[in-house]
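# Structural overview for review
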Amino acid sequence: MKLSHLAGMLLVGAASFGIFTSCSSEAKKTNGKTTKTAAGGDSTLTETEGENEIAREPIDTAKYNALIKKNANGDTTGKWPVKKQPYPLAGAILPFKRIVVFYGNLHSKKMGALGEYAPKEMWRRLNSEIKRWEKADPSTPVQAGVHYIAAVASGTPGKDGKYINRMANSQIDSVLKIAKMQPNTIVFLDLQVALSNIKAELPHIEKYLQLPYVHLGIDPEFSMKDGSLPGKKIGTYDAADINYVSQYLADMVKKYNLPPKVFVVHRFTRKMVTNSQNIKLRPEVQIVMHMDGWGEPDLKIGTYRHFIYSEPVQFTGFKLFFKNDLKKAPNRLMTPEELLKLKPAPIYIQYQ
């Protein structure tokens, strides 16, 4: 499939702009201590210090190595698994579990399953998908999660002229309550910065990121650095932006003695993430490059191959759209069994 066809077909990626207008190498040191690196590193002190230190079991490095090799699915190019990545701090989710989430916003039934259904029905549907993944890959436990768009790119400028609609804390609190309906659920807060920028928006959700079960997503599609209005063209982040965010998260992990943060970056075109080879990996943060495009299975696989597989960072994700993926023949969602054949196998799965 031609690359131009891929980019053109997936131009609307997250498929949210027509909806949201209705919503008003290798980190080597941690705290001055050397850290272990996967696939040939050395040394090993990863525990943070402080009066409120929480004891967590250090990761099993042999198991970590075996799992990232398994996820590579026999790739022989040398791209996967990613070399010289640091071992994560104790309490890391990936690659020990596969994260499966529902995505959306409580203000809109059209932005994803999280907002489309009442909480009990949402959980019934999410648990049904989780069971399918457990059946397809019984060797990998599933970590349930909800992925909430906490800042929505807007079709109107707002008071600050930034075309961004930040969700009130009361809305985020509601999402946390929905997550607590099922024990051990994790929460992702996603930022669409529009004409603002990621440095300005992170402080708005910092108090939530201090919680050990809250993680982060950022969406380059709606990072409009050239001043274009969101939804008119596809935005972008550079490796420098991603490194800023991961350092921000790493500092929080160290300050509050948290387990590693999972950091999801949406992507379905090359220009959405520039200079990906310069993205830094840290023991405190686990980066997921997430294939966010919609379409028929062949198109989605091509997008994954061109923009996720070909530019390895650390872990990979894959989005499934309950509605948009059905628009063209064969008019069906890809199955867990199909996704598990990809190189590498995605370890983060998002349903919208």
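Residues numbered from 1 in each chain as written. Predicted model: local features only at pLDDT ≥ 70, side-chain atom pairs only at ≥ 80, totals over all residues. Heavy atoms only, no water.

### Some remarks on helix 9 (residues 239–256)
Here helix 9 is 18 residues long and its end C-alpha atoms lie 26 Å apart, about the 26 Å a rise of 1.5 Å per residue gives. All of the buried residues in helix 9 are Ala239, Asp241, Ile242, Asn243, Val245, Ser246, Tyr248, Leu249, Ala250, Met252, Val253 and Lys254. Measuring from the side-chain oxygen of the N-cap residue of helix 9 to the backbone nitrogen of alanine 240 gives 3.0 Å; that N-cap residue is aspartate 238. Immediately beyond the C-terminal end of helix 9, within one or two residues, lies asparagine 257, with a positive phi of roughly 50°. (Helix = DSSP H or I, 4+ residues; strand = E, 2+ residues; numbered from the N terminus. Expected span 1.5 Å × (residues − 1). Buried < 20%, exposed > 50% of the residue type's maximum accessible area, 1.4 Å probe, protein only. Polar contact = N/O pair within 3.5 Å; in protein donor to acceptor, adjacent residues only side chain to side chain.)

### Considering the pattern of salt bridges
The full count for this structure, using the stated rule, is 15 salt bridges. Close ionic contact of lysine 70 with aspartate 137 constitutes a salt bridge, the shortest N to O distance being 3.5 Å. Here lysine 70 is found in helix 3 (residues 61–71), whereas its partner aspartate 137 is found in the loop between helix 5 (119–136) and strand 4 (142–153), with 67 residues between them in sequence. With a relative accessible area of 36%, lysine 70 lands in the partly exposed category. Overlapping salt bridges, with partners in common, bring together Lys70, Arg98 and Asp137 in one network. (Salt bridge = Lys/Arg side-chain N within 4 Å of Asp/Glu carboxyl O.)

### Quick look at unusual backbone geometry
Cis geometry is found at the peptide bond from alanine 329 to proline 330, where omega equals 10°. Locating proline 330 in the fold gives a position in the loop between strand 12 (315–320) and helix 11 (336–339). Of the consecutive residues lysine 343 and proline 344, the connecting peptide bond is found in the cis state with omega at -10°. Mapping proline 344 onto the fold places it in the loop between helix 11 and strand 13 (348–351). For asparagine 184, which is not glycine, the phi dihedral falls at a positive 70°. Note that asparagine 184 resides in the loop between helix 6 (169–179) and strand 6 (186–191). Unlike most non-glycine residues, asparagine 275 shows phi in positive territory, near 60°. Its relative accessible area of 38% is what places asparagine 275 among the partly exposed residues.

### Notes on the pairing of strand 11 (residues 285–291)
Judged by how many residues are buried, strand 11 sits mostly within the fold: seven of seven residues are covered. Burial of the side chains of strand 11 extends over both faces: Val285, Ile287, Met289 and Met291 are buried on one face and Gln286, Val288 and His290 on the other. Here four bridges tie strand 11 to strand 12, and the two strands are oriented parallel to one another. Each residue of the ladder has a partner; that of valine 288, found in strand 12, is phenylalanine 315. (Pairing = 2+ DSSP bridges.)

### Let's talk about the environment of isoleucine 172
As for its placement among the helices and strands, isoleucine 172 is situated in helix 6. Assessed through its relative accessible area of 2%, isoleucine 172 is described here as buried. Setting aside anything within four residues of it in sequence, one finds isoleucine 172 in contact with Tyr148, Ala150, Met167, Leu189, Ile205 and Tyr208. (Contact = heavy atoms within 4.5 Å.)

### Overview of the nonpolar core
Leu189, Leu191, Leu209, Leu216, Phe263, Ile287 and Phe318 are the most contacted members of the largest nonpolar core, which totals 75 residues. The leading source of residues in this core is strand 4, at nine residues. Among the nonpolar cores identified, the runner-up in size contains 19 residues, and Leu67, Phe96, Ile99 and Val101 belong to it. (Core = buried A, V, L, I, M, F, W, Y, C linked by side-chain atoms within 4.5 Å.)

### Here's the deal with the packing of aromatic side chains
Scanning the model with the defined rule gives eight aromatic pairs in all. Judged by centre distance (5.3 Å) and plane angle (15°), the ring pair of phenylalanine 322 and tyrosine 351 falls under stacked. Taken together, the positions of phenylalanine 322 in the loop between strand 12 and helix 11 and tyrosine 351 in strand 13 put the pair 29 residues apart, joining distant regions of the chain. Exposure remark for phenylalanine 322: the relative accessible area of 23% places this residue in the partly exposed category. (Phe/Tyr/Trp six-rings, centres within 6.5 Å; stacked < 30°, edge-to-face > 60°.)

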